[in-house]
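# Architecture at a glance
One letter stands for each residue in the lines below.
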Amino acid sequence: MIRIPEPYLVYLQHPLGLFVLFLLSSVVMIWRLQAVEGKGFEGTVLGSLIMPYCSGFANLTFAFVMARAGGNGKAVIENCIVNNVTNLTLILGLAALFAGSQSTAPKGKKQTDIYRLYRLDLLLTLVALFLFTGTLWSLGKDRTLDRYDGLVLVALFLFWQVLHVFDILKNNVRRNRSFHRSIVLDLLLIGLCAYGIYFSVDALVQWASAPGNRWVSSDYLGWLSGALMVLPNAMIAVYYAFKGRQDIVVSSQVGDSHICIPMCIGLYALFDKVQVPGFFEVGVFTILGAAAVHFLGIAVLGRLPRILGAGLLAGYATFLYLGLAQGAG
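What comes next concerns the included structure. Predicted model only: the values in this text are computed from it and were never measured.

Definitions and cut-offs
- Residues numbered from 1 in each chain as written.
- Predicted model: local features only at pLDDT ≥ 70, side-chain atom pairs only at ≥ 80, totals over all residues.
- Heavy atoms only, no water.
- Helix = DSSP H or I, 4+ residues; strand = E, 2+ residues; numbered from the N terminus.
- Contact = heavy atoms within 4.5 Å.
- Areas by Shrake-Rupley, 256 points an atom, 1.4 Å probe, with all protein chains shown as cover.
- Salt bridge = Lys/Arg side-chain N within 4 Å of Asp/Glu carboxyl O.
- Buried < 20%, exposed > 50% of the residue type's maximum accessible area, 1.4 Å probe, protein only.
- Core = buried A, V, L, I, M, F, W, Y, C linked by side-chain atoms within 4.5 Å.

### Concerning the overall build of the chain
Assigned secondary structure in the chain consists of 13 helices and two strands. Long-range contacts, defined here as pairs at least 24 residues apart, represent 86% of the contacts in the chain between residues at least 6 apart. Total accessible area on the chain stands at roughly 15800 Å², and carbon and sulfur atoms take up 68% of it.

### Quick notes on unusual backbone geometry
Here Ile261 and Pro262 are connected by a cis peptide whose omega angle stands at 20°. Along the polypeptide, Pro262 turns up in helix H11 (residues 246–271). Phi is positive for Arg143, close to 70°, though the residue is something other than glycine. Along the polypeptide, Arg143 turns up in the loop between helix H6 (109–139) and strand E1 (144–145).

### Thoughts on the pattern of salt bridges
Evaluation of the coordinates by the stated rule reveals three salt bridges. Notably, a salt bridge pairs Asp202 with Arg68, separated by 2.8 Å at the nearest N-O pair. Of the two residues, Asp202 sits in helix H8 (residues 183–209) while Arg68 sits in helix H4 (residues 57–69), which places them 134 residues apart along the sequence. In this structure, the salt-bridge partner of Lys74 is Glu78, at a minimum N-O distance of 2.6 Å. Of the two residues, Lys74 and Glu78 both sit in helix H5 (residues 73–97), four residues apart, roughly one turn of that helix. The class of Lys74 is partly exposed, set by a relative accessible area of 36%.

### A word on the nonpolar core
Judged by nonpolar contacts, the single largest core of 75 residues is most densely connected at Phe62, Met66 and Leu145. Counting residues per element, this core draws most heavily on H11, at twelve residues. Not counting the four nearest positions on each side in its chain, Leu145 is found in contact with Ile77, Leu136, Leu139, Gly140, Ile265, Ala269, Asp272, Lys273, Val274 and Val276.

What follows is the structure in structure tokens.
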């Protein structure tokens, strides 16, 4: 166990210090992720296999902290649904509205072929999102998720990840390349950042759940934590939109949604029964609707036009209005 010196621990006990630690750990993690590309992980695979574990590690930590306390399944579902809806509507909608998600026309046959492969990978990732979210909706129709439901969700996610691992190995064999040895140092630093995220999330949850807290209501802990944990995803989207990498912008947000649904909810349900909250259907249908918009935009146009980006923002506002109304009810 890592021991933090006493003078620094005082600062980290303050919510603002914890928030800074959370953001700093996320930024450093994303920085090393950028270095991982080109060391055996590339393009859409990087966005759908590696980045979600880092941007979504906070959600996994939140599910673990809630499971440790017990009886907090409602907050876990709220956290995951709010995170997914925000990724797919607010972040990607803003990216499309400001032309950050629009891809430039590739030049040359090789670039055109790579672009087509990225499009197919993105479409497959969106198909997985339909499968995962639809499965969650089907399992949650009885308003309860038990251990067997959690086992189904986790098994689906693990199978999806195994497919990606074999895809990476297959591509590396084709190109006669191997993983760079320095990737071990990158992964160690990423692991240290992961501990920083765990420490900050755990302490922030304890602070927010403390009796008599005048700043945060524990009734909205799932909503607030879900919004907070979107920040690493937003950083990824801004960075790669600036780099002109539409494939990573989209796949990182969709891949992070895979971490929340089914992984986080499934893991919690393995240890504690989950009572589905009132706004569950609103969130699920918003996720499915946003995924359909992205799928059609990428399949037909190869990008998401600005008018659809504006529609996604309107969908996010509608979700907040209906979700908060039903969640409070």
